[in-house]
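# Secondary and tertiary structure notes
The lines below spell out each chain.
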Amino acid sequence: MKNSYSSLSIAIQDLQKEGYTADFNLCNAGVEHKHKKRIHKATELEVIKVYRFEGMSNPDDNTILYVIETTTGEKGLLVDAYGMYAGNVPRDLIKKLKIIK
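Please read these numbers as outputs of a predicted model, since none were measured by experiment.

Here the focus is the side chain of E32. Summarising the element assignment, E32 is placed in strand β2 (residues 30–33). Those residues in contact with E32 that lie beyond four places of it in its chain are D23, F24, N25, C27, K37, R38 and I39.

Spelled out as structure tokens, the structure:
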């Protein structure tokens, strides 16, 4: 796993080759494995690495890529805009995703 990447798409491609293939999404109850329809609470996941990408011309293009492993052995990626919407995400998950290793 590299310390940095030049773009989000290159990071995703490289990390998928390393086995981080699950597609995670934020939801009201935690982080959902999109294809398996399985929801993980904050206590069931570990943020392994965080990558930040800034848009060249538009601040709205800023994104964060979370590299995640779950207690059930799933390895995947979560892409989010800078700053999460606290009303839609449990507080314990917000704290978990702020951890940068």
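So that's the structure; there's more coming.
This part covers the environment of V50. When you line up the elements, V50 lands in strand β4 (residues 45–53). With 14 residues separating them in the primary sequence, V50 and I64 have C-alpha atoms 6.9 Å apart.

As paired elements, strand β1 (residues 22–27) and strand β6 (residues 75–81) share 3 bridges and run parallel to each other. In the strand pairing of β6, D23 is matched with L77. Hairpin connection from strand β5 (residues 63–70) to β6: 4 residues lie between these consecutive antiparallel strands, with G73 at a positive phi of about 90°.

Rules and cut-offs
- Here the residue index of a chain counts from 1 through its sequence in written order.
- This being a predicted model, a pLDDT of at least 70 is required before a residue's local features are given, and a value of 80 or more before pairs of side-chain atoms are given or counted; all residues contribute to the totals for chains, interfaces and linings.
- Only heavy atoms go into the side-chain values, all of them from the structure, while hydrogens and water stay out.
- Only runs of H or I of at least four residues qualify as helices and only runs of E of at least two qualify as strands under DSSP, and these elements are numbered from the N terminus.
- For this analysis, residues touch if any pair of their heavy atoms sits within 4.5 Å.
- Pairing between two strands requires that DSSP report at least two bridges joining them.

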